[in-house]
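Results of the structural survey
Spelled out from the first residue to the last, the chains are:
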Amino acid sequence: MFQTVDVLGAKISNASVEEIVGFLAGRIKQKQNTVVYTPNSEIIEQFHKDEKLLSLLNSADVLAADGIGVVYGAKILGTPLKCRAAGYDIACRLLEVGAKEGFGFYLFGSKEEVCHLAKENLEKKYPGIRIVGTQNGYFQEPVGETIAKTNPDVVFVCLGARKQEEWIYENKHLFSGTTFLGIGGSMDVFAGVVKRAPDIFIKLNLEWFYRLLKQPTRFIRMLALPRFLWRVILRKTKQR
Ligand code: UDP
């Protein structure tokens, strides 16, 4: 397990994408269930006020620092993280490793046609990849047992914040030797219906700004970022 840094109560793993993927590959080979949540500042802002949600978040084996806000927050608090570890990047690297190792991946979340497009694209991009099933994220009946029957090594759970963390928490006992990755809108990116920010935006830590330009309807949600930073500053002043 990784050392953690406390950011408004969330115990963020101080680990790079490469270290996280190495850890997950080991856990898959040892046939152990592993939960990875990938909170950004918006999610921490939403979860930190509620003890129950916060302990759900902290029950993960890995809490990856998905957004740059989390990295800045840790720095302001005087306990810097070594780097950002975006959920999408963890998923891509795990797909690369998994294609070589023969891991079975299950794609769960978003609309039916998006799942199918994502499967097609991933099979092209990662030759040899084994995708053992897909399930859209707008189910009416419980789907945990059906997914578990496919014996996946990895399930990408892309249901959006809170719904995906709760689903993993409530269903993981149905699986054995499975890694769960809660990675929000990543299915839409795999399918190509949403574009990830160009590298220059990522390098300049402006991925959030690119998302805002592309999806202006996220504006209200994104107000969580300044609120989060303000709360971090308040926490820091209280520490003094
Ligand atoms: N979604 C889903 N089922 C739901 C609600 C949302 O499958 O009941 C999907 C939605 O189609 C989208 C993803 O979850 O693909 C949420 O993406 P978003 O970028 O909002 O993720 P977040 O920022 O919350 O991690």
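Residues numbered from 1 in each chain as written. Predicted model: local features only at pLDDT ≥ 70, side-chain atom pairs only at ≥ 80, totals over all residues. Heavy atoms only, no water.

1. Brief notes about the pairing of strand β6 (residues 130–135)
- The pairing of strand β5 (residues 104–109) with β6 spans 5 bridges and is parallel. Counted as the bridge partner of F108 is Q135 from β6. (Pairing = 2+ DSSP bridges. Helix = DSSP H or I, 4+ residues; strand = E, 2+ residues; numbered from the N terminus.)

2. Side note on the site of the ligand
- Near the ligand you find 15 residues, and of these S110, G137, Y138, K163 and D188 are the closest.
- One nitrogen or oxygen atom from the main chain of A161 is found 2.9 Å from an oxygen atom belonging to the ligand.
- If the ligand stood free it would expose 550 Å²; the protein chains cover 79% of that surface.
- Considered class by class, the residues forming the shell around the ligand number 4 nonpolar, 6 polar and 5 charged. (Near = heavy atom within 4 Å. Polar contact = N/O pair within 3.5 Å; in protein donor to acceptor, adjacent residues only side chain to side chain. Areas by Shrake-Rupley, 256 points an atom, 1.4 Å probe, with all protein chains shown as cover. Nonpolar A, V, L, I, M, F, W, Y, C, P; charged D, E, K, R; others polar.)

3. Focus on the packing of helix α4 (residues 68–76) against helix α13 (residues 224–239)
- One can describe the packing of α4 onto α13 by two numbers: an axis separation of 9 Å at closest approach and a directional angle of 15 degrees. By the angle class used here, α4 and α13 are roughly parallel. Where α4 crosses over α13, the two elements pack in a sense that is right-handed. From α4, G69, V70, Y72, G73 and I76 reach across to α13, where they touch L225, F228, L229, V232, I233 and K236. (Axes fitted to C-alpha atoms, helices over the stretch in contact; angles between N-to-C directions. Parallel < 35°, antiparallel > 145°, perpendicular 65-115°, else oblique. Left-handed = near helix turned anticlockwise from the far one by under 90°. Contact = heavy atoms within 4.5 Å.)

4. Thoughts on the packing of helix α3 (residues 51–58) against helix α8 (residues 163–171)
- Interaxial distance between α3 and α8 falls to 10 Å at its minimum, and their mutual angle equals 70 degrees. With respect to their mutual orientation, α3 and α8 come out roughly perpendicular. When you trace α3 past α8, the crossing you get is left-handed. Facing α3, whose interface residues are L53, L56 and L57, α8 presents E165, E166 and Y169.
- Taken together, the residues that form the contact of α3 with α8 break down as 4 nonpolar, no polar and 2 charged.

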